[in-house]
Amino acid sequence: MGVVKVLDLTIEILPKADNQRLNLDDFEATKQQETKWQSILIDMLKVCHLINTPSISDAHLKTRSNSILDLYIERFINEINALIRQGLIKKYRKVEDNCHALKGKLLVGKHVQKNLVHQERFYVAQSHYDKNHLLHKILAKAIAILPGLCNSQALISECCSLKLNFPEVDDLRVTENLFDKISFDRKSNPYQISIQIAKMLLLNYRPDLSTGANNSIAILFNMNQLWEEYIFKILHKSRPQSVKNIYNQKSIRFWETAASKRYLKPDIVIETAEQGNIVIDTKWKNINNDPSKIGMDDLRQMYAYHHFFEARKCYLLYPGNNEPIKNGEFCRKYFFKAEEIQEKHCGLIISKAWYESNLIAKTYLNSGLGVELYKSLGLI
């Protein structure tokens, strides 16, 4: 799921997960479905802190695009403007140059090599304390590509204004390894969000090197991972007193050789005082409330979770309509201890993650989903 932009064409890939078929001849109904699933995706990204835009005025709302890409650009602009208002930081950087004055450390080898004839010069290494450092170079590189990515004229204007207010720095070639060199300290900690967005924009940007006219960008999300993170966030937020701890991607060693190890990592593990461990594996898939559509690999995973996490209950969690928990039993029960026979099963939860309308709650997402899940698990 996400957005792809080539020239003036923007394609949004939305996470539709219901059985309602679109009638392309009915423009209003199609537009309503598009708005619904776009809103669901954006709100899930906000809950998972993958996107966060402050409230804006109604006047700006009328002129701006609803593109997911524009929302990221808007957040990036706001972050840079905040950094400019509080003052851009300076850092020391090492500069080597052939100067007419001996200032700094004389590099004897390079001095002899380059100044054998021009003995009035000195090849030295100096430390400069200015704004021309790695963080600002990355941000300036991202700012330079913004106007070609925006769909909104209001944002294009803000991008151009931002470019004028940002200091001039040296250009650099952006690679993924470049971001591994960045370390944040007390002074540079406010740069984290803007650097993260700049990384996403720059690494997904594909410039046309031949003509420069067909630049493109693609920002895509793994919907299974987003659904997992979203469920974890809302469960953590609405955690009742009966839940001791809740873990996301808790790993345990599963298999190993002398040179290799493999781990089991269930999506969510809930530790309770009375019911022991509960394992939940989230799946962003519409199975239409039909258990026969559950994959065998998923069931094998749940079987392993029972043993390795000492889980009393395991569940597969799918989006859809609110349905009572369906408990499925593992056959050939003699693989378990006699006292565990009645406790080992893999349940199926079909959760209502969204509303059909946003007129009442102002959002399509089901804000009470976390409480509903805890109730269905018998923890509330």
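You'll find the structure just up there.
Cut-offs applied
- The residue count restarts for each chain, going from 1 along the sequence in the order it is written.
- Where totals are concerned, whole chains, interfaces and linings use all residues; where local detail is concerned, this predicted model gives features only for residues with pLDDT of at least 70, and gives and counts side-chain atom pairs only at 80 or more.
- Just so you know, side-chain values use all the structure's heavy atoms and leave hydrogens and water out.
- Strand pairing requires that DSSP identify at least two bridges connecting the strands.
- Secondary structure elements follow DSSP: runs of H or I of four or more residues count as helices, runs of E of two or more count as strands, with numbering from the N terminus.
- To count as a disulfide, a pair of cysteine sulfur atoms needs to be within 2.5 Å.
- Working definition: with a 1.4 Å probe on protein chains only, accessible area under 20% of the residue-type maximum means buried, over 50% means exposed, and in between means partly exposed.
- All axes are obtained by fitting lines to C-alpha atoms, using only the stretch in contact for helices, and the reported angles, taken between N-to-C directions, cover 0 to 180 degrees.
- Angular relationships are summarised with four words: roughly parallel below 35 degrees, roughly antiparallel beyond 145, roughly perpendicular across 65 to 115, and oblique for the angles in between.
- Only heavy atoms matter for contacts: two residues are in contact if any of them lie within 4.5 Å across the pair.
- Side-chain classes follow a simple rule in which Ala, Val, Leu, Ile, Met, Phe, Trp, Tyr, Cys and Pro form the nonpolar group, Asp, Glu, Lys and Arg form the charged group, and the remainder, Gly included, forms the polar group.
- Patch building starts from residues that exceed 30% relative accessible area and form no salt bridge, then joins like charges within 9 Å and nonpolar side chains (Val, Leu, Ile, Met, Phe, Trp, Tyr) within 5 Å.
- Note on areas: Shrake-Rupley, 1.4 Å probe, and residue coverage restricted to the protein chains presented here.
- Salt-bridge detection follows one rule: a side-chain nitrogen of Lys or Arg within 4 Å of a carboxyl oxygen of Asp or Glu.
- Working rule for handedness: look at the near helix, and if it is turned counterclockwise from the far one by less than a right angle, call the crossing left-handed; if clockwise, right-handed.
- A pair of Phe, Tyr and Trp rings is counted when the ring centres sit within 6.5 Å of each other, with Trp represented by its six-membered ring. The angle between the planes then sorts it: under 30 degrees is stacked, over 60 is edge-to-face, the rest tilted.
- Comment: the charge-over-ring label is applied if NZ (Lys) or CZ (Arg) is within 6 Å of the ring centre and within 35 degrees of the ring normal.
- By this rule the span expected of a helix is its residue count minus one, scaled by 1.5 Å.

### A look at the sheet that holds strand E4 (residues 105-106)
Paired through their backbone hydrogen bonds, the strands of a sheet run either parallel or antiparallel. Read across the open sheet, the three strands follow the order E3-E5-E4; overall the sheet is antiparallel. Two strands in the sheet have a free side with no partner beyond their single neighbour: strand E3 (91-99) and E4.

### Focus: the state of the cysteines
The full count for this structure, using the stated rule, is zero disulfides. Cysteine Cys-314 shares no disulfide, and the gap to the nearest cysteine sulfur, in Cys-346, comes to 6.6 Å. On the basis of relative accessible area, Cys-346 is assigned to the buried category, the value being 8%.

### Digging into the packing of helix H9 (residues 223-237) against helix H11 (residues 369-376)
Viewed as axis vectors pointing N to C, H9 and H11 meet at an angle of 80 degrees, and their least axial separation amounts to 8 Å. On the basis of the axis angle, H9 is roughly perpendicular to H11. Side by side, H9 and H11 meet where Tyr-230, Ile-231, Ile-234, Leu-235 and His-236 of the first sit next to Leu-369, Gly-370, Leu-373 and Tyr-374 of the second. Tallied by class, residues from the contact of H9 with H11 come to seven nonpolar, two polar and no charged.

### Observations regarding a nonpolar patch on the surface
A contiguous nonpolar patch, built from Leu-9, Ile-11, Ile-13 and Leu-220 and spanning about 360 Å² of accessible area, is present on the exposed surface. Along the chain, Ile-11 turns up in strand E2 (residues 9-13). By relative accessible area, which is 42% here, Ile-11 ends up partly exposed.

### Focus: the pattern of salt bridges
A full pass over the atoms with the stated rule returns nine salt bridges. One salt bridge in this structure joins Glu-229 and Lys-233, with 3.7 Å as the shortest N-O distance. A residue pair is termed a helical-turn pair when its members lie 3 or 4 positions apart in one helix, as Glu-229 and Lys-233 do in helix H9 at four residues. The exposure class assigned to Glu-229 is partly exposed, which follows from its relative accessible area of 22%. Between Arg-300 and Asp-297 there is a salt bridge; the shortest N-O distance is 2.9 Å. You can see Arg-300 and its partner Asp-297 sitting in helix H10 (residues 296-308), three residues apart, about one turn around the helix. Via salt bridges that share partners, Asp-281, Lys-283 and Asp-298 belong to a single interconnected network.

### Side note on the packing of helix H3 (residues 68-86) against helix H8 (residues 192-204)
One can describe the packing of H3 onto H8 by two numbers: an axis separation of 9 Å at closest approach and a directional angle of 140 degrees. In terms of orientation, H3 and H8 fall into the oblique class. At the point where H3 passes H8, the crossing takes the left-handed sense. Between H3 and H8, the contacting residues are Leu-69, Tyr-72, Arg-75, Phe-76, Glu-79, Ile-80 and Leu-83 on the first element and Ile-193, Ser-194, Ile-197, Ala-198, Met-200 and Leu-201 on the second. Taken together, the residues of the contact of H3 with H8 break down into 10 nonpolar, one polar and two charged.

### Regarding the packing of aromatic side chains
Applying the stated criterion across every chain, the model contains eight aromatic pairs. Ring centres of Tyr-72 and Phe-221 lie 6.3 Å apart, and the angle between their planes is 20 degrees; this geometry places the pair in the stacked category. In this pair, Tyr-72 is assigned in helix H3 and Phe-221 in the loop between strand E7 (216-220) and H9, connecting sequence segments 149 residues apart. The rings of Trp-37, Trp-227, Tyr-230, Trp-284 and Trp-354 are connected pair by pair, giving a single aromatic cluster. The aromatic ring of Tyr-247 is capped on one face by Lys-250, whose charged end is 4.4 Å from the ring centroid.

### Focus: H8
Across its 13 residues, H8 extends 18 Å between first and last C-alpha, which sits within 8% of the 18 Å expected from 1.5 Å per residue. Those residues of H8 lying buried are Ser-194, Ile-195, Ile-197, Ala-198, Met-200, Leu-201 and Leu-202. Structurally, H8 contributes buried residues whose contacts are with H3, helix H5 (134-145), helix H7 (176-180), strand E6 (205-206) and E7.

### A few points about the sheet that holds strand E15 (residues 345-351)
What the six strands build is an open sheet, ordered E8-E11-E12-E13-E15-E14; its pairing is mixed. One side of each edge strand has no neighbouring strand; the edge strands of this open sheet are strand E8 (243-248) and strand E14 (326-329). Strand-to-strand, the axes of this sheet are offset by a mean angle of 20 degrees, without reference to chain direction. Each of strand E12 (277-282), strand E13 (311-319) and E15 is contacted by H10, which is oriented at about 150 degrees to E13, the strand it contacts most. Against the sheet, H11 contacts E8, strand E11 (268-272), E13 and E15, and its axis sits at roughly 150 degrees relative to E15.

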